[in-house]
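# Architecture and fold: a report
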Amino acid sequence: SRRDASLRKSTVAMVQFLIECAGSIVDGQDLKQQSALHLAVIANIEDTVRFLTRKANANPGVLDSESRTPLFYAAEHGFDSLALLLVHEYRRGVDIADNQGSTPLHVAAMAGNKVQVQMLVQAGQAKPNVVADPGSRTRAAARAGRPSPR
């Protein structure tokens, strides 16, 4: 809708203004150690993600307190276009494991997102045989044959 487009445009403008004023804090983190890029992905604001990665040089590999990059959240929430954008910006991040031992590929598979699983394996060259920590919820859910509890 027009309102959504206007809101997204003003969000990008606000982020750009804050970065210009604050300078080097583009990768600053909040109490959960999430960066502006994490938050833009979680909010599914593609224009802001694109601005942060391509114009502001935000680090797509920055880890939060769960040892998750922004790609984990794109995978978890099914934001396919954001996941593809992040894979192109930070290909080597596709096999990073979080505190639970899961990779973005595991997260996408547990969410039942076939599109992202294919994209992570093909475009991102994710390794499907990366083994999660034996105690992780992903492995436990896989053994039980159902999605992991959240």
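Calculation rules
Residues numbered from 1 in each chain as written. Predicted model: local features only at pLDDT ≥ 70, side-chain atom pairs only at ≥ 80, totals over all residues. Heavy atoms only, no water. Helix = DSSP H or I, 4+ residues; strand = E, 2+ residues; numbered from the N terminus. Buried < 20%, exposed > 50% of the residue type's maximum accessible area, 1.4 Å probe, protein only. Contact = heavy atoms within 4.5 Å. Core = buried A, V, L, I, M, F, W, Y, C linked by side-chain atoms within 4.5 Å. Polar contact = N/O pair within 3.5 Å; in protein donor to acceptor, adjacent residues only side chain to side chain. Lys, Arg positive; Asp, Glu negative; His and termini not counted. Salt bridge = Lys/Arg side-chain N within 4 Å of Asp/Glu carboxyl O. Axes fitted to C-alpha atoms, helices over the stretch in contact; angles between N-to-C directions. Parallel < 35°, antiparallel > 145°, perpendicular 65-115°, else oblique. Left-handed = near helix turned anticlockwise from the far one by under 90°. Phe/Tyr/Trp six-rings, centres within 6.5 Å; stacked < 30°, edge-to-face > 60°. Lys NZ or Arg CZ within 6 Å of the ring centre and 35° of its normal.

## Brief notes about the overall build of the protein chain
- A tally of regular secondary structure across the protein chain gives 8 helices and 0 strands.
- The order of helices and strands in the protein chain, counted from the N terminus, is α-α-α-α-α-α-α-α.
- Counting all 150 residues of the protein chain, 41% fall into the buried class.
- By sequence separation, contacts in the protein chain at least 24 residues apart represent 66% of the contacts at least 6 residues apart.

## Comments concerning the nonpolar core
- Val 41, Val 49, Leu 52 and Leu 120 are the most contacted members of the largest nonpolar core, which totals 29 residues.
- Those elements that provide at least two residues to this core are α2 (36-42), α3 (46-54), α4 (70-77), α5 (80-89), α6 (104-110) and α7 (114-122).

## Examining the side chain of Thr 53
- With respect to the secondary-structure elements, Thr 53 resides in helix α3.
- Of note is the side chain of Thr 53, whose polar atom sits 3.3 Å from the backbone oxygen of Arg 50.
- The contact partners of Thr 53, leaving out residues within four places of it in the chain, are Leu 37, Ala 58, Leu 85, Leu 86 and Glu 89.

## A few points about the environment of Leu 120
- With respect to the element layout, Leu 120 can be found in helix α7.
- The spatial distance from the C-alpha of Leu 120 to the C-alpha of Ala 108 is 8.9 Å, given a sequence separation of 12 residues.
- Once residues within four sequence positions are removed from consideration, Leu 120 is found in contact with Leu 71, Val 87, Val 94, Pro 104, Leu 105, Ala 108, Gln 125 and Ala 126.

## Things to note about the side chain of Asp 64
- Along the polypeptide, Asp 64 turns up in the loop between α3 and α4.
- Of the side chains bearing the opposite charge, Arg 68 lies closest to the buried Asp 64, which forms no salt bridge; the N-O distance is 6.1 Å.
- Filtering out sequence-adjacent residues up to four positions away, Asp 64 remains in contact with Gln 29, Lys 32, Gln 33, Gln 34, His 38 and Tyr 73.

## Description of the packing of α4 against α5
- One way to put it is that α4 packs onto α5 with a least axis distance of 8 Å and a crossing angle of 155°. Our classification of the angle between α4 and α5 gives roughly antiparallel. Where α4 crosses over α5, the two elements pack in a sense that is left-handed. Each of Pro 70, Leu 71 and Ala 74 in α4 lies in contact with α5, whose residues at this interface are Leu 82, Ala 83, Leu 86 and Val 87.

## Observations regarding the packing of aromatic side chains
- Applying the stated criterion across every chain yields a total of 0 aromatic pairs.
- Here the basic side chain of Arg 68 rests over the ring of Tyr 73, its NZ or CZ set 5.5 Å away from the ring centre.

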